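# Tertiary structure, described
Chain residues, written in single-letter form:
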Amino acid sequence: MKSKWKGKNSAIIQNVMNIHNTPPNTALAKMKELALVSVLFLALTLLMTFPLAAHFSTHLIGNKGDSWQHAWNMWWMNKTLTEHVGSPFQTDYLFYPKGVTLAFNDMSFFNSGLSIPLQRMFNLFAAYNTMFLVSFVLSGLGMYLLALYLTKDKPAAFLAGCIFVFCPYRMGHSLGHLSLVSTQFIPFFALFFLKSINAENRSDMVFAALFLILTSFCNWYYLVFCTIFVLLYLIFILFTDRSLLAKAALKTALIFTGTLIILSPIFFILLRAALTTQFIGAHDPQIFSADILSYFIPGAIQNLGRFKAFADITSQFTGNTAENSNYIGYSVLLLSAIAFVRLRKKDRLITFLTICSAVFLILSLGINPHLKGGVHTSITLPYKILYDNLFFFKFTGMPARFLIMLMFCLSLLSAFGIKALRLSVPAGHKQKTVFIALLFAVLAEYASLPYLMTSFPGSPFFETMRQDTEDYGVIYLPHNTPRALYYQTLHNKKMMGGYLSRTPFSAYHDILNPALKHLFLYSYPFEAITDAYSHERTRALTKTALHDLEIKFIILENDRANYFLQSLRIPIFYTDEIITVYKP
């Protein structure tokens, strides 16, 4: 087995090196090159996400958290667009009967929309995992093309793609945040933005706007991050080449104007929801900021981070595993340092990327610096200005996510460093040896094997519900979990309650009313009531509310106890190892 994998790896390395021999200036040769690079990124992705390939249509990549919410998003997009249910931004399948806005749910329109034919051809698992793989392959290909445009060095560009694709930020958020893993259009946008500034080809501006729109359709964070990147570039030009500033500012304005025009209908929906609805679910930036040590110590997602010495430190960080996946890697730090030391005087882009890296690093630290879990409130950082003055940052509160732009810049710096390092040794086998050593160093530092995959056991009763053509509501307990969302994709019935990225406060009106709140809160109020009449009156109110809302079933997970539900003396309609179903 060992020799088999060694042979495969050798073949991969040789194919990368052979890109140098691709005949130039032919469309066919370029297509072959891009196809080869894509296949190599796909092969490495399957290796770095083992055992995804073995469970592709039966499990979701990631944990039992938000990955299932993203799967529900795909299911809902398919349902609303193919069954003419209604608007993708509004549903009564959650928080039945009044429904709820999905304006600030993490819909990731690119992934959800493109998954529709995949769901119909295969299943929800295969659709989700396919979009996951697409994000890896296209992220690698985009970074390869961008780094190749800047360095003119194909092996260096390929390794830059590997750094960007397999960086701990992406591997950490693969646990459940498909939209955050969808970084693929950031390098494509940067490529055509820089090309549009450096050339007169108008199509570059069109492509820059297109990829900025696609970036937005993956995740709104990345639209904001790309905007900051562009502003930093314009400021840099202001101080280094003012003769270019007017043209760059004009082209930037045209790119963003076109983008805003296309996105304006969605922005209108978001703005109206923000002005008319009170949402809950925004994160605390004091919790979800990057710890200074997290850049230099492998996180829990990496194999290296599972050593006790590292785990004892990372366990003290605030936040969670995904948001603490900030490890840069010493191979990347070394390559970036080489680029800065050797090339900053020859290429001003090195200075720009270094400045960008510093800016995004500082922003990822949040309002106050964190060190080994401690928050140093005596020091206030620039993120506070954004948080206090811009709605987006107050509404999200996740400064650690700026790390993807830090890794974006360091990937490009590393490409320059790799080129400088390779050119410092004689051509031939020594250059290949340097490339292979660096590739394995990056993959070894970032490895997270075996990668986590999960599934939930289904119940035959869900298929019975799906086949029932009657329109009615159900209560699933507990209601606010990703598992409840997944089970809805199986039974296809409307549910009271739900689990969203940002939930309107008003959505809880029905489930927190006096007649039903004890069901949803798992509370049992009768200990404080000594009057038998009050017992019966409370039960009667609840049963009446269930009848009025046309709730046909109450489904309780068997690992939960709901004493209030039991006190209602509602007959059990069905039970198995997973659920118990009550029929009011």
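Residues numbered from 1 in each chain as written. Predicted model: local features only at pLDDT ≥ 70, side-chain atom pairs only at ≥ 80, totals over all residues. Heavy atoms only, no water.

## Details of the pattern of salt bridges
What counts is decided by this rule: By convention in these notes, a salt bridge is any Lys or Arg side-chain nitrogen within 4 Å of a carboxyl oxygen on Asp or Glu. The helix count covers DSSP runs of H or I at least four residues long, the strand count covers runs of E at least two residues long, and both are numbered beginning at the N terminus. Burial classification: accessible surface area is computed with a 1.4 Å probe over protein chains only, and a residue below 20% of its type maximum counts as buried, one above 50% as exposed, and the rest as partly exposed.
Under the criterion given, the structure shown has 15 salt bridges. A salt bridge links Glu 33 to Lys 30; its shortest N-O distance comes to 3.9 Å. With Glu 33 and Lys 30 both in helix α2 (residues 27–48) and 3 residues apart, the pair spans about one turn of that helix. Across the salt bridge formed by Lys 98 and Asp 510, the nearest N and O atoms sit 4.0 Å from each other. One end of the pair, Lys 98, is in the loop between β2 (90–91) and β3 (100–101); the other, Asp 510, is in the loop between β10 (503–504) and α22 (517–520), and 412 residues separate them in sequence. Looking at Lys 98, the relative accessible area reads 58%, which means it is exposed. The structure contains a network of salt bridges with shared partners spanning Lys 30, Glu 33 and Lys 154.

## Here's the deal with helix α4 (residues 109–121)
Cut-off, in case you're wondering: To estimate how far a helix should reach, multiply one less than its number of residues by 1.5 Å. Here the bend at a residue is taken as the angle between two axes, fitted respectively to the seven residues that end there and the seven that start there.
The end-to-end C-alpha separation of α4 is 19 Å, in line with the 18 Å expected for 13 residues at 1.5 Å each. Of all the bends in α4, the greatest reaches close to 35 degrees and is centred on Ser 115; the proline Pro 117 follows between one and four positions later.

## Some thoughts on the packing of helix α3 (residues 66–82) against α4
Inclusion rule: Lines fitted to C-alpha atoms define the axes, with helix axes restricted to the stretch in contact, and inter-axis angles between N-to-C directions lie between 0 and 180 degrees. Working definition: roughly parallel below 35 degrees, roughly antiparallel above 145 degrees, roughly perpendicular at 65 to 115 degrees, and oblique for all remaining angles. Working rule for contacts: check all heavy atoms of both residues, and any pair within 4.5 Å makes them a contact. Any residue that is not Ala, Val, Leu, Ile, Met, Phe, Trp, Tyr, Cys, Pro, Asp, Glu, Lys or Arg is counted as polar, Gly included; the first ten are nonpolar and the last four charged.
In the contact formed by α3 and α4, the axes pass within 8 Å of each other and the chain directions differ by 75 degrees. The angle between the axes of α3 and α4 places the two elements in the roughly perpendicular class. Contacts between α3 and α4 involve Asn 73, Met 74, Trp 75, Met 77, Asn 78, Leu 81 and Thr 82 on the former and, on the latter, Phe 109, Asn 111, Ser 112, Gly 113, Ser 115, Ile 116, Gln 119 and Arg 120. Taken together, the residues that form the contact of α3 with α4 break down as 6 nonpolar, 8 polar and 1 charged.

## Some remarks on the pairing of strand β11 (residues 551–557)
The following threshold applies: Strand pairing follows a simple DSSP-based rule, namely that at least 2 bridges must link the two strands.
With 7 of 7 residues buried, β11 is to be regarded as a mostly interior element. Pairing of β11 with strand β13 (residues 579–582), which is carried by 4 bridges, proceeds in the antiparallel orientation. Residue pairing for β13: Glu 557 is matched across the bridge by Ile 579.

## A short note on the environment of Ala 43
If you trace the backbone, Ala 43 turns up in helix α2. In this structure, the C-alpha to C-alpha distance between Ala 43 and Val 137, residues 94 residues apart in sequence, is 9.3 Å.

## Quick notes on the nonpolar core
Rule in force here: What makes a nonpolar core is a set of buried Ala, Val, Leu, Ile, Met, Phe, Trp, Tyr and Cys residues whose side-chain atoms join them at distances within 4.5 Å.
Counting residues in hydrophobic clusters, the biggest one holds 193 residues, and the most contacted among them are Phe 166, Phe 189, Phe 360, Phe 408, Leu 519 and Ile 554. It is helix α5 (residues 124–151) that provides the largest number of residues to this core, a total of 16 residues. Sequence-distant contacts of Phe 360, that is, excluding residues within four places in its chain, are made with Phe 225, Ile 228, Phe 229, Leu 232, Phe 402, Met 405, Leu 406 and Cys 409.

## Description of the pairing of β13
Burial along β13 is two-sided: the residues Ile 579 and Val 581 and Thr 580 and Tyr 582 are all buried. Sheet topology note: the strand β12 (residues 572–575)/β13 ladder contains 3 bridges and is antiparallel. Within β13, the residue paired with Tyr 574 across the bridge is Val 581. Following β12, the chain reverses through 3 residues before pairing antiparallel with β13.

## Things to note about the packing of aromatic side chains
Short version of the rule: Note on aromatic pairs: the rings of Phe, Tyr and Trp (six-membered ring only in Trp) are paired at centre separations within 6.5 Å, and the planes decide the class, stacked below 30 degrees, edge-to-face beyond 60, tilted for the rest. To sit over a ring, a charge needs its Lys NZ or Arg CZ within 6 Å of the ring centre and within 35 degrees of the ring normal.
In the structure shown here, the tally under the stated rule is 55 aromatic pairs. For the ring pair Trp 68 and Tyr 486, a centre distance of 4.8 Å and an interplane angle of 65 degrees mean the geometry is edge-to-face. A residue pair is termed long-range when its members are at least 10 positions apart, and Trp 68 in helix α3 and Tyr 486 in helix α21 (residues 482–491) qualify at 418 residues. The class for Trp 68 is buried, based on a relative accessible area of 0%. On the accessibility criterion, Tyr 486 (8% relative accessible area) is buried. Plain terms: the ring middles of Tyr 222 and Phe 225 are 6.0 Å apart, the flat faces sit at 50 degrees to each other, and that makes the pair tilted. Of this pair, Tyr 222 and Phe 225 both sit in helix α11 (residues 220–240), 3 residues apart, roughly one helical turn. Both residues of the pair, Tyr 222 and Phe 225, belong to the buried class. Among the aromatic residues, ring-to-ring pairing joins Phe 164, Phe 189, Phe 193, Phe 229, Tyr 233, Phe 236, Phe 256, Phe 352 and Phe 408 into one connected group. One Lys or Arg, Lys 152, reaches over the ring of Tyr 149 and ends 5.2 Å from the middle of that ring.

## Some remarks on the sheet that holds strand β9 (residues 494–496)
Here we have 5 strands laid out as an open sheet, ordered β9-β8-β11-β13-β12, and mixed in their pairing. On the outer flanks of this sheet lie β9 and β12, each paired with one strand and no other. Pairs of neighbouring strands in the sheet enclose a mean axial angle of 30 degrees, with direction left out of account. Strand contacts of helix α20 (residues 460–467): β8 (473–477), β11, β12 and β13, with the helix running at about 160 degrees to β11, the strand carrying the most contacts.

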